[in-house]
Amino acid sequence: MIIKDYVRERKNVLKDEISSFERTPKLVIIQVNDDPASCAYVKGKLKDAAEIGINAELLKFPVTITQEELLKEIEKVNNDESVDGLIVQMPLPKGIDEELIKLSVNPTKDVDGFHPLSSFVPCTPKGIIDYLKASEVNFVGKNAVVIGRSNIVGKPVAKLLLQEHCNVTVLHSRTKEEDMNFYIAHADIIVIAIGKMHFLDKQTFKKSAVVVDVGISRDENGLHGDARPGLDVALQTPVPGGVGLLTRLSLMSNLVLAYKNKIGK
Ligand code: GUN
């Protein structure tokens, strides 16, 4: 299924659902870093929220904010009864401990799913699995290869694929090239998130393989994924217009869940 069509359909369903709510669900986005990538991500999230009827408020702070001041700002939002979900856009400037910040967000509002006790599944992994399911990809007993072991993508994707009964192998920067090639050649599902432009290219792939490209690299020609476009496989997600849209969709879907959890109380 084309990602753009899938996302549009799911957003319409969320929009209909939200229109039946008693009040408008509210998301707060805290942004400290002013780099172009963070600004682009935040802009996309604000656009999605506006489209489907979520009230999204951006709290932007200068890069000179101290960790203590940031923690205080997060605490204010944690305690604000009118807020359903809170995300802190990563990365944060040097000198601020990202892991500490992730732990400071109230787990019931942590719609990014970064806190270990979060009520929510992390957005990128959830977006990928939901999309593959909608595309009727088979998981049971299939060889899934995850390339990259980050806390935001690699590790949680591996866990979700395992829950779907895949045989999961996680490869990374210390994997030997011959082993990398071996696992890729036998993979039914490949999820790659290493930020190395067109890393997947000349390797041998199963024609029936599914390639999910999480990578984003920028150069003078624009944005590029970790896989060269047009691999000889059954399904390959594009960059741009691929996993980024799925991540944003999951964020909106988690926010709707946060609202419902709150109302259910
Ligand atoms: N930076 C890159 N991806 C993400 C994301 O999904 N959430 C947040 N908060 N920051 C990010």
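My aim in this report is to walk through the structure given alongside it, one point at a time.

About the criteria used
Residues numbered from 1 in each chain as written. Predicted model: local features only at pLDDT ≥ 70, side-chain atom pairs only at ≥ 80, totals over all residues. Heavy atoms only, no water. 1 Å grid on protein atoms, 1.4 Å probe; cavity = no way out; pocket = protein on both sides within 12 Å on 5 of 7 lines; lining within 4 Å. Points joined across faces, edges and corners; volume = space filled by probe spheres on them. Helix = DSSP H or I, 4+ residues; strand = E, 2+ residues; numbered from the N terminus. Nonpolar A, V, L, I, M, F, W, Y, C, P; charged D, E, K, R; others polar. Phe/Tyr/Trp six-rings, centres within 6.5 Å; stacked < 30°, edge-to-face > 60°. Buried < 20%, exposed > 50% of the residue type's maximum accessible area, 1.4 Å probe, protein only. Near = heavy atom within 4 Å. Polar contact = N/O pair within 3.5 Å; in protein donor to acceptor, adjacent residues only side chain to side chain. Areas by Shrake-Rupley, 256 points an atom, 1.4 Å probe, with all protein chains shown as cover. Pairing = 2+ DSSP bridges. Right-handed = clockwise from strand over helix to strand, strands pointing away.

1. Thoughts on empty space enclosed by the protein
What the rule picks out here adds up to one cavity of 30 Å³ or more. For the largest cavity, the calculated volume is near 60 Å³. If you trace the largest cavity, you find it lined by Leu-86, Ile-87, Val-88, Met-90, Ile-101, Lys-102, Val-105, Asp-110, Asp-112 and Phe-114. Of all the elements in the fold, those that place two or more residues in the lining of the largest cavity are β3 (85-88) and α4 (98-104). In terms of residue count, β3 provides more of the lining of the largest cavity than any other element does, three residues in total. Class assignment for the residues of the lining of the largest cavity results in seven nonpolar, no polar and three charged.

2. Section: the packing of aromatic side chains
Counted according to the given criterion, the structure contains three aromatic pairs. Between Phe-21 and Tyr-259, the ring centres sit 4.2 Å apart and the planes meet at 15°, which makes this aromatic pair stacked. Of this pair, Phe-21 sits in the loop between α1 (3-19) and β1 (26-31) while Tyr-259 sits in helix α8 (residues 243-263), and the two are 238 residues apart along the sequence. The class of Tyr-259 is buried, set by a relative accessible area of 3%.

3. Quick notes on the site of the ligand
What surrounds the ligand is the set Lys-45, Val-88, Gln-89, Met-90, Asp-112, Phe-114 and Thr-247. The contact in question runs from a nitrogen atom of the ligand to an N or O atom on the backbone of Val-88, over 2.8 Å. In the environment of the ligand, a nitrogen atom lies 2.6 Å from a nitrogen or oxygen atom belonging to the side chain of Asp-112. Burial of the ligand by the surrounding chains reaches 84%, relative to a free accessible area of 280 Å².

4. Let's talk about the pairing of strand β4 (residues 143-147)
Of all five residues in β4, four are buried; the element is thus mostly enclosed. Where β4 lies against strand β5 (residues 167-171), five bridges are found, and the strand directions are parallel. Bridging across to β5, Val-146 finds its partner in Val-170. As for the winding sense of the linkage, the β-α-β connection from β4 through helix α6 (residues 154-163) to β5 is right-handed. Bridge analysis of β4 against strand β6 (residues 189-192) gives four bridges, and the strand direction is parallel. Within β6, the residue paired with Val-145 across the bridge is Ile-190.

5. A few points about unusual backbone geometry
Here the residue pair Met-90 and Pro-91 is connected by a cis peptide bond, since its omega of 0° sits within 30 degrees of zero. By the element assignment, Pro-91 lies in the loop between β3 and α4. For Glu-136, which is not glycine, the phi torsion reads 60° and is therefore positive. Note on Glu-136: relative accessible area 70%, which makes it exposed.

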